[in-house]
Each structure stands twice: as structure tokens, then as C-alpha cells.
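Remarks on the overall topology
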Amino acid sequence: MFRSQTCGELRLQNVGKEVKLAGWVQTVRKFGSITFVDLRDRYGVTQLLFGEDLNQQLVENPLGREFVLQVTGTVTERSNKNPNLSTGDIEITVSSFKILNKSAVPPFTIQDDTDGGDDLRMKYRFLDLRRNAVKKNLELRYAVNRATREYLHTQGFLDIETPFLIKSTPEGARDFVVPSRMNPGQFYALPQSPQTFKQLLMVSGYDRYYQIVKCFRDEDLRADRQPEFTQIDCEMAFVEQEDILNMFEILIKFIFKQVKGIDYTEAVERMSWEDAM
């Protein structure tokens, strides 16, 4: 293993422990004969202390932003603690290090308040995805999906995967089409929703079904419309309207509790079809 711990894991109770970390160089700060490096991975940031004995190695192998670095060292208590970091009470006194991969200077700073515009960040999306702000969005999306699956599983729903290559169905938007290599001149359509398969599954007796699934609609783009999107798609049989509303009101409350720790105890407001129209 390249590491024994992650960069967001170590605390004061680990002081004195010899550890091995691997990650990306966030910043390098040199103060006289010692050098401080913030090492980052998906889990957090840990400060590294390179002492005077490593100066010559750092001269021969200088560190830069976004270098991939592996270090071995001892966990020590920081004299100047950083309350803004979960690992802010400790640092690693480095005994040895290895540059796993060098990096060119990034085109923008890999920070929450980055200096990169949208076009630049999308061109270098693999760098943008390293930013904490983007990582939090991905973690939130995963947490919502995980909570949804957990709740629906307890309610007897099956997650059934349905095909993406189907025949065209008469719905509200245009289909994306995929040419068939084996049948020249014929095309598959990408599903605008799993509606056809929901009906098939209900008729087949799968009375509680769901997917967290991609839908594709070939429509003109607007601020709130894109070619593909994800929806939580559910179907129930042998139920009435009130059963469906109650089931998914509880789902929303469960997601708030599991993901954000919010106890949503109030009744969910409802809007009638007439009011909506």
C-alpha cells in the first residue's frame, strides 16, 4: 500500500505514530531551513514538516503544486494549531519522501475560491474535480442516492435495470437516436423515461419497482434543461393516491434526516392539480 492513513484521518491521539501518506501537494511554504507542505487527498489536508536534514533532497527534487507525493514520518502535535482543518492539531514530521508524479503548473488554483472561469475549468475538468466545492457536490449526490436506495429497500421495492437501447416511443420530446450497425438504416432510441418498462414490470407482477436512472431528451437547451438528466423513477401497484403521497413524503423526510441530519416533522405541503395549473 502507498499509504497507511488518509490525509483527513489523523488526530491528536495518533501523536507518536509512524505513518505513510500519499496525495497531492496543495501548497509549499518555505521558512528558512524548514519547509511546510499541505498534502491533500479526497479525505482532507494534512500539514507536512520537512526539517533541515531534508533540505538537500528538496533542492535536488523541488516540490510543486499538484505533485503527487508519498511521505513517511511521525505524527507530532502542532505548536500553531489550525482550527479550520480537521487535522489542524497535528502535522507529520517527514523522515523520507518520494515524488510519485510531477505536475506542470495548473492553469488555475485548486481551491474553493478558484481563479479559473467556467470555460477553463471545463477544459481541465479533471483538475476542477479536485476542488473541495465540487467534491462536496459529488458526495451530496451519492448520499442522497444511498439514502433513497436504503429507504426503498426497506419498503419492499426492487431496483430493476432496464435497457437504454429501445424503440422510439411517442412522448413529449424528441428522441436521441443511435444507428444500428447490424441493421443498416434502422435506429435505436434512447429512453426519455423508463415508462414503457414500468408498465411491463407492473403487468408482470413486480408491484414495487424503482430506478435511479438516466433519461435522454433531444430538446433545445435552456438554463433548466439539458440533454440527459437523472430521476428517481418509482412505480407501485395495488395502491391509491394517498398511499403514493405518504410513501414519498416519508422518503423526502428520510433523505433530509440521513443526509443533513434534519428532523423534518412538519406535514409536507401539497398542491392540487387545479392550483398547479
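See the structure shown above.
I will try to describe carefully the structure that is included in this document. Throughout this description, residue numbers start from 1 for each chain and increase along the sequence as written. Totals for whole chains, interfaces and linings use every residue, but because this is a predicted model, local features are given only for residues with pLDDT of at least 70 and side-chain atom pairs only at 80 or more, for both listing and counting. Computation of side-chain values: all heavy atoms of the structure, hydrogens and water removed.

1. A short note on the overall build of the protein chain
The helix and strand inventory of the protein chain stands at seven helices and ten strands. The C-alpha radius of gyration computed for the protein chain amounts to 26 Å, which surpasses the reference 19 Å derived for 277 residues by more than 25%, pointing to a less compact arrangement than a globule. C-alpha atoms of the protein chain, sized along the principal axes, occupy 75 × 55 × 35 Å. The contact criterion used is simple: two residues touch if any of their non-hydrogen atoms lie within 4.5 Å. Pairs at least 24 residues apart make up 53% of the contacts formed inside the protein chain by residues separated by at least 6 positions. For the protein chain, the accessible surface area stands at approximately 17,700 Å², while carbon and sulfur atoms represent 52% of it. Neither His nor the chain ends contribute to the count of charged residues, in which Lys and Arg are positive and Asp and Glu negative. Note that the charge is assigned to NZ on lysines, CZ on arginines, CG on aspartates and CD on glutamates. One finds the centroid of the 36 positive side-chain charges in the protein chain at a distance of 6 Å from the centroid of its 40 negative side-chain charges. Helical segments are the DSSP runs of H or I of at least four residues, strand segments are the runs of E of at least two, and each set is numbered from the N terminus. Radius of gyration means the value over C-alpha atoms here, while the globule rule gives 2.2 Å times the residue count to the 0.38 power. For the accessible areas, the method is Shrake-Rupley and the probe is 1.4 Å, while residue cover comes only from the protein chains on display.

2. So, the nonpolar core
One recurring pattern in soluble globular proteins: nonpolar side chains tend to sit buried together. Residues L21, L48, F50, L69, V71 and F97 are the most contacted members of the largest nonpolar core, which totals 20 residues. Looking at this core, the elements that each hand over two or more residues are β1 (18-31), β2 (34-41), β3 (44-50), β4 (68-77) and β5 (90-101). Looking at this core, the element that brings in the most residues is β5, giving four residues. Residues within four places of F50 in sequence aside, it is in contact with S33, I34, T35, V37, L58, L63, L69, V71, V94 and F97. In these notes, a set of buried Ala, Val, Leu, Ile, Met, Phe, Trp, Tyr and Cys residues joined through side-chain atoms within 4.5 Å is what counts as a nonpolar core. Relative accessible area decides the class of each residue, using a 1.4 Å probe on protein chains only: under 20% of the type maximum gives buried, over 50% gives exposed, and in between gives partly exposed.

3. Brief notes about the pattern of salt bridges
Whenever a carboxyl oxygen of Asp or Glu lies within 4 Å of a side-chain nitrogen of Lys or Arg, that contact is scored as a salt bridge. Under the counting rule described, the total for this entry stands at 18 salt bridges. Ionic pairing is found between K81 and E77, a salt bridge with its closest N-O pair at 2.8 Å. Ionic pairing is found between R270 and E242, a salt bridge with its closest N-O pair at 3.1 Å. One end of the pair, R270, is in the loop between α6 (241-260) and α7 (273-276); the other, E242, is in helix α6, with 28 residues separating them in the sequence. Classification of E242 by relative accessible area gives partly exposed; the value is 39%. Through salt bridges with shared partners, a single ionic network connects D118, R121, R125, D128 and R131.

4. Thoughts on the sheet that holds β3
Strands are labelled as partners when DSSP assigns at least two bridges between them. Around the barrel, which closes on itself, the five strands sit in the order β1-β2-β3-β5-β4 with mixed pairing between neighbours. Taking each pair of neighbouring strands and ignoring which way they run, the sheet shows an average axis angle of 55 degrees. Both β3 and β5 contribute to a ladder of two bridges, which runs parallel. Counterpart to L48 in the pairing with β5 is I92. Geometry is summarised by axes, namely lines fitted to C-alpha atoms with helices restricted to the contacting stretch, and by angles between N-to-C directions that run from 0 to 180 degrees.

5. Re the side chain of D41
When you line up the elements, D41 lands in strand β2. Nitrogen and oxygen atoms within 3.5 Å of one another constitute a polar contact, given that in protein one can donate a hydrogen and the other can accept it, and given that sequence-neighbouring residues count only through two side-chain atoms. Among the polar contacts listed, one links the side chain of D41 to the side chain of R3, at a separation of 3.4 Å.

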